[in-house]
Amino acid sequence: MRGCYPKSRGACMTLRTPLRLVQYGTHPLHRAMKTGYLDIKAFLSIDTAVSAQTKTDHTALKDALADKPIVLVGLMGAGKTSVGRRLANDLGRTFLDADHEIEVAAGRPVSDIFKDFGEASFREGERRVILRILSEDSNIVLATGGGAFVDEDIRKAVLDKAVSIWLNADVDVLVERTGRRKTRPLLKTGDPKQILTKLAAERTPFYSQANIHVQSGRGPATTVVRAALKALADWPNGQAAQ
């Protein structure tokens, strides 16, 4: 929401507090609607107070997971990177994208590794990079590639050392999301929907071994993040969040 000084140009500001969180008639914006004048000092005072009250405190969750990396698994397009960044931010952790770390180690894009050396070579490098990451730091949120959790060594290390979250998305959602990028090597070999349907059937038995299951739909990433945070708070008592 935006607020502006009356009869001014450019003197606008972002309002953090939704009006619905404040009793009608008590917020400076309510009065501004009637008078045409916004008391900025009064607004800043109440906006800061309400924001502090409504901000979620994840201290207990941070402490409970202090020695556990959080690892996101799932098919390409499930939202592991976008959700992972937000989750890391909420929990005060470092976000790492496994594909990016592989590219840094190899000095070339994932698509070039597939093209020049084949998938088997990529999987070998992926295994080395992910096992190294898991051995170096626990205060991370790691987004893995779609095939990583299928690898037995990676899956065992993740299940032993980390809390794993499967972001499960319908194939139609995956097709829509992956269509926005043309850099997915496995989708360049045929019809994307058929390929994703086949991969889902093959990989679901592995993904389902993750500690937590969260549905990733067409809504905003923040919805998935909230579901993941709730499931993490319940873990290990609650196994899945649908």
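Above this text sits the structure in question.
Summarised in this report is the structure supplied together with it. Residue numbering note: each chain is counted from 1, following its sequence as written. Local features in a predicted model are, by the rule used here, given only for residues with pLDDT of at least 70; side-chain atom pairs are given and counted only at 80 or more, and totals for whole chains, interfaces and linings are based on all residues. Note that the side-chain values use all heavy atoms of the structure and ignore hydrogens as well as water.

**A closer look at the environment of Asp151**
Then step 1. Along the polypeptide, Asp151 turns up in the loop between strand E5 (140–143) and helix H8 (152–161).
Then step 2. For the exposure calls, accessible area comes from a 1.4 Å probe over protein chains only, and a residue counts as buried if that area is under 20% of its type's maximum, exposed if over 50%, partly exposed in between. Asp151 gets classed as buried once you look at its relative accessible area, which sits at 17%.
Then step 3. In this structure, the C-alpha to C-alpha distance between Asp151 and Glu126, residues 25 residues apart in sequence, is 9.6 Å.
Then step 4. In the analysis that follows, any N or O atom pair within 3.5 Å is treated as a polar contact, provided that within protein one partner can donate a hydrogen and the other can accept it, and provided that, for residues neighboring in sequence, both atoms belong to side chains. Within the local environment of Asp151, its side chain forms a polar contact with the backbone nitrogen of Ile154, the two atoms lying 2.9 Å apart. In this description a helix means any DSSP run of H or I spanning at least four residues, a strand means any run of E spanning at least two, and both kinds are numbered starting from the N terminus.

**Concerning the packing of helix H6 (residues 110–117) against helix H7 (residues 119–136)**
Then step 1. Only the stretch in contact is used when a helix axis is fitted, and all axes are lines through C-alpha atoms; the angle between N-to-C directions ranges over 0 to 180 degrees. Closest axis-to-axis distance for the H6/H7 pair is 7 Å, and the angle between their directions is 130°. Here H6 is positioned oblique relative to H7, judged by the angle of their axes. Residues Val110, Ile113, Phe114 and Phe117 of H6 form the contact with H7, whose participating residues are Glu119, Ser121, Phe122 and Arg123.
Then step 2. We call Asp, Glu, Lys and Arg charged. Ala, Val, Leu, Ile, Met, Phe, Trp, Tyr, Cys and Pro are nonpolar, and the rest, Gly among them, are polar. Taken together, the residues of the contact of H6 with H7 break down into five nonpolar, one polar and two charged. What sets the label is the angle itself: under 35 degrees gives roughly parallel, over 145 gives roughly antiparallel, 65 to 115 gives roughly perpendicular, and the rest give oblique. A contact between two residues is defined here by any heavy atoms of the two lying within 4.5 Å.

**Considering the pattern of salt bridges**
Then step 1. Any Lys or Arg side-chain nitrogen found within 4 Å of a carboxyl oxygen on Asp or Glu counts as a salt bridge. On inspection of all chains with the given rule, the structure shows 13 salt bridges.
Then step 2. When the shortest N-O distance is used, the salt bridge between Lys115 and Asp112 registers 3.9 Å. Of this pair, Lys115 and Asp112 both sit in helix H6, three residues apart, roughly one helical turn.
Then step 3. The exposure class assigned to Lys115 is exposed, which follows from its relative accessible area of 65%.
Then step 4. As a salt-bridge pair, Lys156 and Asp160 come within 2.9 Å of each other at their nearest N and O atoms. Residue Lys156 and its partner Asp160 are located together in helix H8, separated by four residues, close to a single helical turn.
Then step 5. Classification of Lys156 by relative accessible area gives exposed; the value is 54%.
Then step 6. Given a relative accessible area of 49%, Asp160 falls into the partly exposed group.
Then step 7. Linked through salt bridges whose partners overlap, the residues forming this network are Glu119, Arg123 and Glu126.

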